[in-house]
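The residues making up each chain are set out below.
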Amino acid sequence: MMSEYYFERTNRMFISNRRIDNGYSHPLHFHDGCEIYLLNKGDATFNFENFSFKMSHGSMVVIPPYVPHSSVCDSSVVYDRMVISMKPEYVKKLCTPNTDLTECFKRQSDCSKYAIVLDDEQLSEIMRLQHKLDGIKKDDMFGSDVLHDAYAAEFLVLVNRAMKYNSFTGDNAMPEIVHKILSWMIKNRKEIFSMENLANDLHMSGSYLSRKFKEYMGIPIRQYIVQKKVEEACYLLRMGENVTNACYSAGFNDYANFIRTFKNVIGMTPGEYAKKSI
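Residues numbered from 1 in each chain as written. Predicted model: local features only at pLDDT ≥ 70, side-chain atom pairs only at ≥ 80, totals over all residues. Heavy atoms only, no water.

1. Notes on the overall build of the chain
And step 1. Secondary structure assignment for the chain yields 10 helices and 10 strands.
And step 2. Compactness check: the chain gives a C-alpha radius of gyration of 19 Å against a globular reference of 19 Å for 278 residues, within 12% of the reference.
And step 3. Expressed as lengths along the three principal axes of its C-alpha atoms, the size of the chain is roughly 60 × 45 × 30 Å.
And step 4. Considering only intrachain contacts with a sequence separation of at least 6, the fraction spanning at least 24 residues in the chain is 72%.
And step 5. Counting every atom, the chain has about 13,900 Å² of accessible surface; 49% of that belongs to carbon and sulfur.
And step 6. Counting 34 positive and 34 negative side-chain charges, the chain places the averaged centre of each group 4 Å from the other. (Helix = DSSP H or I, 4+ residues; strand = E, 2+ residues; numbered from the N terminus. Rg over C-alpha atoms; globule rule 2.2 N^0.38 Å. Contact = heavy atoms within 4.5 Å. Areas by Shrake-Rupley, 256 points an atom, 1.4 Å probe, with all protein chains shown as cover. Lys, Arg positive; Asp, Glu negative; His and termini not counted. Charge placed at Lys NZ, Arg CZ, Asp CG, Glu CD.)

Below, the structure is given as structure tokens:
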């Protein structure tokens, strides 16, 4: 299904992007920014950890920082999708003592809580604001920055309200065997991975589990686990943990291996990443 798993840095405070074309798939990845993905037209499957969401007109997902995800669109139809990416510090800047706009980006143990289907009125309002945001970024007239922040704040209010008062009621579209493997990984994420333990706990052969996982996820189980540990370490460093604590809390048992692996995935050492995240 997917062929890689990578880290994507959010380099700008706020990015609005609308795309209309034939099917587009985004490989499994995670990033340090907040993201909102909205499908206006077409069909897609959106994957979070152990949950898959079948998307259609009006479907929306919110993606917190450091949560791995991927999307696959039906290439036989034209689709219209909108993606809004923003740095967490920008969202916090727009908050008030009474309104926490970061609420919709809080990590959830149940990944289905990241997904909803908007009604036509909600979809129309959010698309209207996205159009305004897209227009104001090209405007250098007096007060454009103030208007941009106002539109962005209104946009996030609408998204938070939608996430608060709507809920996903469909089924998990992920194959059952892949869901079981990923759920087992989440439960045992702090342990040293053992294919034998996974196979014993699920009462299936390790070779069968490996094959089914790679068929759907596109990468081997062990590679996925390493990337997940790096993703967790990024989150911990962003939350203020020191490098040593992040290493062992994320599930690494060898400090030197952690430093080397982290740099290979992220492109910088954990210490450098921590400094950039301040």
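There's more to say after this.
2. Some remarks on the packing of aromatic side chains
And step 1. As enumerated under the stated definition, the model contains 11 aromatic pairs in all.
And step 2. With a centroid separation of 5.4 Å and 80° between ring planes, the pair formed by Phe51 and Phe168 is classed as edge-to-face. Highlighted residues: Phe51 in strand E6 (residues 51-55) and Phe168 in the loop between helix H3 (144-165) and helix H4 (176-187), separated in sequence by 117 residues.
And step 3. Relative accessible area serves as the criterion here: at 5%, Phe51 is assigned to the buried category.
And step 4. Three or more aromatic residues joined by ring pairs form one cluster here, namely Tyr37, Phe46, Phe48 and Tyr114. (Phe/Tyr/Trp six-rings, centres within 6.5 Å; stacked < 30°, edge-to-face > 60°. Buried < 20%, exposed > 50% of the residue type's maximum accessible area, 1.4 Å probe, protein only.)

3. What about empty space enclosed by the protein?
Which parts of space are left empty comes out when a probe the size of a water molecule is rolled across the atoms.
And step 1. Applying the stated criterion across every chain yields a total of 2 cavities of 30 Å³ or more.
And step 2. The wall of the largest cavity is formed by Leu28, Asn47, Phe48, Glu49, Pro68, Met174, Met217 and Tyr224.
And step 3. Looking at side-chain class alone, the lining of the largest cavity contains 6 nonpolar, 1 polar and 1 charged residues.
And step 4. Estimates place the volume of the second largest cavity at around 30 Å³.
And step 5. For the second largest cavity, the full set of lining residues is Glu49, Leu182, Met185, Ile186, Tyr224 and Lys228.
And step 6. When residues in the lining of the second largest cavity are grouped by element, the largest group, 3 residues, is from H4.
And step 7. The class makeup of the residues in the lining of the second largest cavity is 4 nonpolar, no polar and 2 charged. (1 Å grid on protein atoms, 1.4 Å probe; cavity = no way out; pocket = protein on both sides within 12 Å on 5 of 7 lines; lining within 4 Å. Points joined across faces, edges and corners; volume = space filled by probe spheres on them. Nonpolar A, V, L, I, M, F, W, Y, C, P; charged D, E, K, R; others polar.)

4. Focus: the nonpolar core
And step 1. Ranked by internal contacts, the top residues of the largest apolar core, which has 47 residues, are Ile36, Met60, Met86 and Phe155.
And step 2. Residue contributions to this core peak at 7 residues, all from H3.
And step 3. Residues within four places of Met86 in sequence aside, it is in contact with Thr10, Met13, Phe14, Gly33, Cys34, Ile36, Val91, Phe105 and Leu156. (Core = buried A, V, L, I, M, F, W, Y, C linked by side-chain atoms within 4.5 Å.)

5. So, H3
And step 1. For H3, which comprises 22 residues, the first-to-last C-alpha distance of 32 Å matches the rise-based estimate of 32 Å (1.5 Å per residue) to within 8%.
And step 2. Buried within H3 we find Ser144, His148, Tyr151, Ala152, Phe155, Leu156, Val159, Asn160, Ala162 and Met163. (Expected span 1.5 Å × (residues − 1).)

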